Amino acid sequence: MKKRFIITLVFILSVVLSGYSGNVEELDTTADILDVNVLKDYQKVYQSEDYGVCSVSSTKTYMDYRAITAKGSTQYRYIQANMTIDEATGFLVDDDGFIGVALGSYYGVIGDRYYITLESGVVLPVVKVEEKADGDTVGGCSHSSDGSVIEFVIDTDYAADSELFNRTGNGLINSGNYNNYDLFKGEIVKVEKVKDELNPYYVEYVTNDAVTINNHNIFNYASGY
């Protein structure tokens, strides 16, 4: 009960203290980029290298992207330029299906992308679209108050209406912790930083002519921050 209260309080305070007023540009929506079910057998489209796990915390909180109101900030501009709202989940996703998250300074800069593997074997492809303040984290890694490493950046309206997620107990989505959703349950066992190069072992199956081809045409990402 105490842990649930802390997570709830942190979420409420993050919205209040951020100055969320609704005066932000609304993102476009999409219905065909992200299918969370494929995360069970996720194929890594890009090459990656081990980055190290700063904390194995299973807690996975969330914040609404509209709480980021500083229009001149790197995170605001990145979200507006690169992310859309997945209508089925409320997640922010880029053109390759990477999910927008807030991470501490340990994990690079805005725009960096990672493959985060959970103990269940599920791989979460994420892109850092917001940074947790160093003053709120332990070593630029986990949140001081709730221990979370991963904080999903979402549209709470779509997420609340999702068939996948439910408002429970305290009225927050998954009681404020996506670890309560079976697919995302578990500790972090591996973090890999995604490179620009395509994974040579990734293949795409084309059904119209029953030919298997290498996927060389989906790269649409550039770092520069």
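Residues numbered from 1 in each chain as written. Predicted model: local features only at pLDDT ≥ 70, side-chain atom pairs only at ≥ 80, totals over all residues. Heavy atoms only, no water.

Participant: What is the right way to read the environment of V93 from this model?
Facilitator: Tracing the backbone through its elements, the reader meets V93 in strand β5 (residues 92–93). The contacts of V93, once residues within four sequence positions are left out, are T30, I33, L34, N82, M83, T84, D86, F98 and I99. (Helix = DSSP H or I, 4+ residues; strand = E, 2+ residues; numbered from the N terminus. Contact = heavy atoms within 4.5 Å.)

Participant: Explanation requested: unusual backbone geometry in the structure shown.
Facilitator: The bulk of non-glycine residues show a negative phi, and the bulk of peptide bonds are trans. One non-glycine residue, N174, lies in positive phi territory at about 55°. Residue N174 is classed as buried on the basis of its relative accessible area, which comes to 7%. Of note in this structure, S175 is not a glycine but carries a positive phi near 55°. With respect to the element layout, S175 can be found in the loop between β13 (172–173) and β14 (188–198). (Buried < 20%, exposed > 50% of the residue type's maximum accessible area, 1.4 Å probe, protein only.)

Participant: Looking at this structure, how should I read the nonpolar core?
Facilitator: The tendency in soluble globular proteins is for nonpolar side chains to be buried side by side. Formed by 56 residues in total, the largest nonpolar core has its most connected members in F91, I116, L124, F152, Y178 and F184. Of the residues forming this core, the biggest block, 5 residues, is contributed by strand β8 (residues 123–131). Other than its neighbours up to four places away in sequence, F152 contacts K60, T61, Y62, M63, F91, I99, G100, V101, L124, Y178 and F184. (Core = buried A, V, L, I, M, F, W, Y, C linked by side-chain atoms within 4.5 Å.)

Participant: Sorry if this is basic, but what is going on with the pairing of β14 here?
Facilitator: Each regular strand carries side chains that alternate between the two faces of the sheet. Bridge count between strand β2 (residues 46–50) and β14: 4 bridges; the pairing is antiparallel. For E49, the partnering residue across the bridge sits in β14 and is K193. As paired elements, strand β7 (residues 113–118) and β14 share 5 bridges and run antiparallel to each other. By the bridge assignment, Y115 is partnered in β14 with E192. (Pairing = 2+ DSSP bridges.)

Participant: What is the right way to read the state of the cysteines from this model?
Facilitator: What makes a disulfide is a covalent bond joining the sulfur atoms belonging to two cysteines. This model, assessed by the stated rule, comprises 1 disulfide. Linked covalently through their sulfurs, C54 and C141 form a disulfide whose S-S length is 2.0 Å. One disulfide, between C54 and C141, carries an S-S torsion of 85° and so falls in the right-handed class. Remark: C141 occurs in the loop between β9 (137–138) and β10 (142–143) and C54 occurs in the loop between β2 and β3 (60–64); sequence separation between them is 87 residues. For C141, a relative accessible area of 4% gives the class buried. (Disulfide = S-S within 2.5 Å.)

Participant: Teacher, can you tell me more about the pattern of salt bridges here?
Facilitator: Pairing is possible between side chains that carry opposite charge, provided their charged atoms lie close to one another. By the definition in use, this model includes 10 salt bridges. A salt bridge links D155 to R66; its shortest N-O distance comes to 3.4 Å. Placement of the pair is D155 in the loop between β11 (150–154) and α3 (156–161) and R66 in the loop between β3 and α2 (74–82), with a sequence separation of 89 residues. Look at R66 and you get buried, because its relative accessible area is 6%. Ionic pairing is found between E131 and K128, a salt bridge with its closest N-O pair at 2.6 Å. Residue K128 is classed as buried on the basis of its relative accessible area, which comes to 0%. Salt bridges here are not isolated pairs; linked through shared partners, they connect E26, D64, R66, D155 and D157. (Salt bridge = Lys/Arg side-chain N within 4 Å of Asp/Glu carboxyl O.)

Participant: Quick question: what am I supposed to make of the side chain of S162 here?
Facilitator: By the secondary structure assignment, S162 is in the loop between α3 and β12 (167–168). A distance of 3.0 Å separates the side chain of S162 from the backbone nitrogen of L164, its partner in a polar contact. If we skip the residues at most four places from it in the chain, S162 touches A88 and T89. (Polar contact = N/O pair within 3.5 Å; in protein donor to acceptor, adjacent residues only side chain to side chain.)

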